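Observations on the three-dimensional arrangement
Spelled out from the first residue to the last, the chains are:
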Amino acid sequence: MTDRTRLAALRAAEEARFADQHPRSAALAGQAREHLLAGVPMPWMTRWPGRFPVFFDTAAGARLTDVDGVEYVDLCLGDTGAMTGHALPQVTEALTARAARGITTMLPSADAVWVGEELARRFGLPAWQLAMSATDANRFVLRFARYLTGRPRVAVMDWCYHGTVDETLAVLDGDQVVPRPGALGPQVAVSETTAVVPFNDADALDRRLAEGDVACLLMEPALTNIGIVLPEPGYLDAVREITRRHDVLLVIDETHTLCAGPGGATVAWGLEPDLLVVGKPIGGGIPCAAYGMTAEVAERLSAPMLGHEIDVAGVGGTLTGNALALAAIRATLSSCLREEDFAVAVPLAERFTDGVAGVIAEHDLPWHVQRLGCRAEYWFCPPPRDGAAAAAAVDEELEGFFHLWCLNRGVLLTPFHNMALFSPHHTEADVDRHTEVFAEAVAALVS
């Protein structure tokens, strides 16, 4: 058991150290509170450890420097938005050139052709469309699925996360579908729009889809946002068989699981989705996403996509597919997220996993470390098998302490859980620095 009194004392000391290191961020945070809701541009920025947000100045490769001049090994990488590394010269050059020639015209650019071909090559699905975010892409795909099947509900995994899509902010409370804790103002009761099933439970999926009212199953091949929960052997094959048997479209969201390889888990694990969504990593930091589909689904959508009223179909956005985003995607996918890039990043994640596991074993703690491709994270519990178990194991006090301890020593983790993401710009020394800092934190906690 963790000594909570000692934990609180250590956290207080780290809070004081944090404030001493970041006077400029403290001043900016005070100014920001005057006109920004919660003092930040986006509410989730309040989730970082410390009494106020750290304001960043520059980021390049695997390094980030804040306004107080403190440099960090960045293991967050924008929660995969910068999975390629920050400030890629090739993306900067492409954006500069494109911006000088125009950005938004409501017409396709030549880059669109290249992007469509590359997405088809990487993921094995022949037809693609663009979006501004994975949230938008998921929203559009759910609309398509309901149109194609005539069924009202979508199915998701318990404690999933697919952006701010209303239908997906749902969890199970016993056998009842209820809003996910923290979801603000659902516009429609999720019990009317959504079916929820536990991850790694094929029988539960089969029983629910047998009711015949589900248009599609939207899922990550491994849960990531509640923490990494890996599929058990045979589970994803069962999901595909069950969805086909019940005529339910299978939608794979690869926004985070792209860390598994150049074609995400879909290619790495030989999955066969009807539709696939990929988000923020593909643009090198520029807001964009894409969704692909099988030839059969594309053919069934061809009539409405060419219809006179497609602009009011609930799928679109004036800036969606703009020339700047397409230039960013082309520059990113032509030079990043390739086999040779993962050949560098994945071994770093393995080294991270081994280092953390060694510290856990040294102190005989009931914790574990999990890895998916070039992503890894540690848990303060044994490995959970579904989202509900993962959510129940969250220890906000411990997480906050480790995040702040690491941040105060120049290592930046993803604020929502203990996740580290690796790019080809990281080094073994970066990994070893985290292991050293983690070991010091554990020693301080248990001594």
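For the structure, see preceding data.
Calculation notes
- Residues numbered from 1 in each chain as written.
- Predicted model: local features only at pLDDT ≥ 70, side-chain atom pairs only at ≥ 80, totals over all residues.
- Heavy atoms only, no water.
- Core = buried A, V, L, I, M, F, W, Y, C linked by side-chain atoms within 4.5 Å.
- Buried < 20%, exposed > 50% of the residue type's maximum accessible area, 1.4 Å probe, protein only.
- Helix = DSSP H or I, 4+ residues; strand = E, 2+ residues; numbered from the N terminus.
- Contact = heavy atoms within 4.5 Å.
- Salt bridge = Lys/Arg side-chain N within 4 Å of Asp/Glu carboxyl O.
- Pairing = 2+ DSSP bridges.
- Expected span 1.5 Å × (residues − 1).
- Phe/Tyr/Trp six-rings, centres within 6.5 Å; stacked < 30°, edge-to-face > 60°.

1. A short note on the nonpolar core
With 68 residues, the main nonpolar core has Phe 352, Trp 367, Tyr 378, Phe 402, Phe 422 and Phe 438 as its most contacted residues. When residues in this core are grouped by element, the largest group, 9 residues, is from helix H12 (residues 339-362). In this structure Phe 352 touches Leu 75, Ala 376, Glu 377, Tyr 378, Ala 420, Phe 422, Val 431 and His 434, once residues within four positions along its chain are discounted. Judged by nonpolar contacts, the second largest core, of 58 residues, contains Ala 145, Val 190, Tyr 291 and Leu 301.

2. Considerations on the pattern of salt bridges
For the structure on display, the rule yields 26 salt bridges. Of the charged contacts, one joins Glu 118 and Arg 122 as a salt bridge, the two residues approaching to 2.7 Å between their closest N and O atoms. Placement of the pair is Glu 118 and Arg 122 together in helix H4 (residues 110-123), with a separation of 4 residues, close to one helical turn. A salt bridge links Glu 340 to Arg 338; the shortest N-O distance between them is 3.4 Å. Taking the relative accessible area as the measure of exposure, Glu 340 reaches 46% and is therefore partly exposed. The structure contains a network of salt bridges with shared partners spanning Arg 153, Arg 208, Glu 211 and Asp 213.

3. Brief notes about the sheet that holds strand S15 (residues 411-412)
Strand order in this open sheet of 4 strands is S1-S2-S3-S15, and the pairing throughout is mixed. For this open sheet the edge positions go to strand S1 (56-60) and S15, each flanked by a neighbour on one side alone.

4. Here we look at the pairing of strand S14 (residues 375-379)
Within S14, 5 of the 5 residues are buried, which leaves it mostly tucked inside the rest of the structure. Here S14 shows no split at all, with Arg 375, Glu 377 and Trp 379 on one side and Ala 376 and Tyr 378 on the other all buried. Note: strand S13 (residues 368-372) against S14, 5 bridges, orientation antiparallel. Each residue of the ladder has a partner; that of Arg 371, found in S14, is Ala 376.

5. Points about helix H5 (residues 134-149)
When the terminal C-alpha atoms of H5 are compared, their 22 Å separation across 16 residues agrees well with the 22 Å that a helix rising 1.5 Å per residue should span. Every buried residue of H5 is accounted for by Ala 134, Thr 135, Asp 136, Ala 137, Asn 138, Phe 140, Val 141, Leu 142, Phe 144, Ala 145 and Leu 148. Gly 150, located one to two residues past H5, shows a positive phi value of around 70°.

6. Comments concerning the packing of aromatic side chains
Taken as a whole and assessed by the stated rule, the structure comprises 16 aromatic pairs. Plain terms: the ring middles of Phe 352 and Tyr 378 are 6.3 Å apart, the flat faces sit at 20° to each other, and that makes the pair stacked. Taken together, the positions of Phe 352 in helix H12 and Tyr 378 in strand S14 put the pair 26 residues apart, joining distant regions of the chain. As far as the burial class goes, Phe 352 and Tyr 378 line up, both buried. Given the relative accessible area of 2%, Tyr 378 is considered buried. Every member of this aromatic cluster is reached through a ring pair, and the members are Phe 352, Trp 367, Tyr 378, Phe 380, Phe 401, Phe 402, Trp 405, Phe 422 and Phe 438.

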